[in-house]
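Chains, contacts and geometry: an overview
In case you want the letters, here they are:
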Amino acid sequence: MKDLLRTADLSRADVDLLLATAADFAVNPLMASSALSNKTVAIYMTKPSTRTRLASETAVAHLGGTPIFIRGDDLQLGRGETISDTAKIISEFASALIVRTYAQSDVDELGRESSIPVINALTDDDHPTQLLADWITIQENFGKDISGRKFVYLGDGNNMSHAWLIMGAIMGAHVVAATPEGKWAPDADVIAQAREIAKTSGATIEILHDPVAASKDASVLYTDVWMSMGDPEAERAEKMKVLKPFAVTQELMSLTEKDSIFMHCLPAHRGEEVAADVIDGSRSVVWREAHHRRTTIQALLYHLVRGEVKGR
Ligand code: CP
Ligand code: NVA
């Protein structure tokens, strides 16, 4: 597999390999400090980023390479140069491209038209690198035997909910997305794909619209911002109202398992999708998730450039 364009590109064996290497990089960040020596990695972002940008730039540096950060409007792409021509030029100069933008189809095209590995660092539809960090955090808390455990995403049926369902399906987990019905539910084709993957992995995919039922006996409550980058401001008031029952509060946490954890990809809005006493409380693992962003992106770059990620 040349690129990581979608969470669904990954096989179970790929995830196992990437998480094992990420654990090694956590212990010894400079274990492969010449893997990208004399090489550059382009990081092109048309949306803001704190964690993914810092994690990506430090990952490249730890592999001995040089990151080249390119902001959205820096490229001639904004002045009508095609994605295809841009992909060919970036391939001339860089050994990999990490890209964050709006349309999944743009990232897919960059992957098709580049000769170098392209990594999706968030689109409107997906966030595969986040889920690598999330899953290592899950294993850190519960080990690898997750039978009988329920992993629940609550809130907006956005890119994070998609990545959550697909990664849970790959990992054979009981995953739940509890969202409002209608336009803020996860995309039907993502749900179908998760169910398809579940047929061979043994996962259980549940789509619910009741946050209380979803939270009962959960091992994880995961949430994300209610207004994602690029969401229409005109919908804010309605969306906040519809999503209110899905806010992760101590009341919902009290329904979960005794050893349950709270997860959030960050950035967070305390008092909206999560109560401050939950995200800042003892069950919150949000800083561990953020910590694992660098090691997992480092592992991904390392194996992708070496052609060792095989795909599903
Ligand atoms: N979780 C995450 O992707 O954070 P950033 O938007 O800050 O990169
Ligand atoms: N759903 C959020 C995730 C941020 C990491 C967004 O797309 O803005």
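Residues numbered from 1 in each chain as written. Chains lettered and ligands numbered in written order. Predicted model: local features only at pLDDT ≥ 70, side-chain atom pairs only at ≥ 80, totals over all residues. Heavy atoms only, no water.

**Some details on the overall build of the protein**
Per the secondary structure count, the protein includes 12 helices and 9 strands. Taking 2.2 N^0.38 as the reference for a compact globule, 312 residues should give roughly 20 Å; the C-alpha atoms of the protein span a radius of gyration of 19 Å, in line with that estimate. Along the first, second and third principal axes, the C-alpha atoms of the protein reach 55 × 45 × 35 Å. The buried share of the protein, taken over its 312 residues, is 55%. Pairs at least 24 apart in sequence give 76% of the contacts found in the protein among residues at least 6 apart. (Helix = DSSP H or I, 4+ residues; strand = E, 2+ residues; numbered from the N terminus. Rg over C-alpha atoms; globule rule 2.2 N^0.38 Å. Buried < 20%, exposed > 50% of the residue type's maximum accessible area, 1.4 Å probe, protein only. Contact = heavy atoms within 4.5 Å.)

**Looking at the packing of aromatic side chains**
Under the defined criterion, the tally for this structure stands at 6 aromatic pairs. Each ring, one from Trp 135 and one from Trp 164, has its centre 6.5 Å from the other, and the planes form 50°; the classification is tilted. In this pair, Trp 135 is assigned in helix 5 (residues 128-142) and Trp 164 in helix 6 (residues 159-170), connecting sequence segments 29 residues apart. Exposure remark for Trp 135: the relative accessible area of 1% places this residue in the buried category. Ring-pair connections join several aromatic residues into one group, and the members of that group are Trp 135, Phe 142, Phe 151, Tyr 153, Trp 164 and Tyr 222. Sitting over the face of the ring of Tyr 102, Lys 47 holds its NZ or CZ atom 4.7 Å from the ring centroid. (Phe/Tyr/Trp six-rings, centres within 6.5 Å; stacked < 30°, edge-to-face > 60°. Lys NZ or Arg CZ within 6 Å of the ring centre and 35° of its normal.)

**Observations concerning unusual backbone geometry**
A cis amide bond links Leu 266 with the next residue in sequence, Pro 267, at an omega value of 5°. Among the structural elements, Pro 267 can be located in the loop between strand 9 (261-264) and helix 11 (276-279). Phi at Leu 122 takes a positive value of approximately 120°, unusual for a residue other than glycine. Leu 122 gets classed as buried once you look at its relative accessible area, which sits at 7%. Positive phi is not limited to glycine here, since Leu 266 has a value of about 70°. Position of Leu 266 among the secondary structure elements: in the loop between strand 9 and helix 11.

**Some details on the site of ligand 1**
Around ligand 1, the neighbouring residues are Ser 49, Thr 50, Arg 51, Thr 52, Arg 100, His 127, Gln 130, Cys 265, Leu 266 and Arg 293. One nitrogen or oxygen atom from the main chain of Arg 51 is found 2.9 Å from an oxygen atom belonging to ligand 1. The separation between a nitrogen atom of ligand 1 and a polar main-chain atom of Cys 265 is 2.9 Å. Relative to its unbound accessible area of 260 Å², ligand 1 is 96% covered by the protein chains. (Near = heavy atom within 4 Å. Polar contact = N/O pair within 3.5 Å; in protein donor to acceptor, adjacent residues only side chain to side chain. Areas by Shrake-Rupley, 256 points an atom, 1.4 Å probe, with all protein chains shown as cover.)

**Comments concerning the pattern of salt bridges**
Counted under the stated rule, the structure contains 17 salt bridges. Across the pair Lys 47 and Asp 124 runs a salt bridge, and its minimum N-O distance is 2.6 Å. Here Asp 124 lies in the loop between strand 4 (118-120) and helix 5 and Lys 47 lies in the loop between strand 1 (40-45) and helix 2 (51-62), a separation of 77 residues in the sequence. Close ionic contact of Glu 196 with Lys 199 constitutes a salt bridge, the shortest N to O distance being 3.2 Å. Here Glu 196 pairs with Lys 199, and both are found in helix 7 (residues 188-201), just 3 residues apart, close to one helical turn. Using a relative accessible area of 47% as the deciding quantity, one classes Glu 196 as partly exposed. (Salt bridge = Lys/Arg side-chain N within 4 Å of Asp/Glu carboxyl O.)

**Structural notes on the site of ligand 2**
For ligand 2, the full set of nearby residues is Leu 122, Asn 158, Asn 159, Asp 224, Val 225, Ser 228, Met 229 and Leu 266. The side chain of Asn 158 places a nitrogen or oxygen atom 3.4 Å from a nitrogen atom of ligand 2. Note that a nitrogen atom of ligand 2 is positioned 2.6 Å from one of the side-chain N or O atoms of Ser 228. When ligand 2 is considered free in solution it has 270 Å² of accessible area, and contact with the protein chains removes 95% of it. Tallied by class, the residues present in the shell around ligand 2 amount to 4 nonpolar, 3 polar and 1 charged. (Nonpolar A, V, L, I, M, F, W, Y, C, P; charged D, E, K, R; others polar.)

**A few points about helix 12 (residues 286-305)**
Spanning 20 residues, helix 12 covers 29 Å between terminal C-alpha atoms, matching the ideal 28 Å at 1.5 Å per step. The largest bend in helix 12 comes to about 30°, at Arg 293. Here helix 12 lies mainly inside the structure; 15 of its 20 residues are buried. Just downstream of helix 12, Gly 307 is the residue with a positive phi angle, here 70°. (Expected span 1.5 Å × (residues − 1). Bend = angle between axes of the 7 residues up to and from the residue.)

**Overview of the sheet that holds strand 3 (residues 96-100)**
With respect to topology, 4 strands assemble into an open sheet ordered 2-1-3-4, the strand pairing being parallel. The sheet is open, and its two edges are formed by strand 2 (66-71) and strand 4, each paired on a single side. Between one strand axis and the next, the sheet turns by 20° as a mean value, whatever way the strands run. Two strands pair when backbone bridges link them, and strand 1 and strand 2 are joined in this way by 6 bridges, in the parallel orientation. Bridge assignment links Ile 43 to a residue of strand 2, and that residue is Phe 69. Sitting on the sheet, helix 2 is in contact with strand 1, strand 2 and strand 3, with an inclination near 150° to strand 2. (Pairing = 2+ DSSP bridges. Axes fitted to C-alpha atoms, helices over the stretch in contact; angles between N-to-C directions.)

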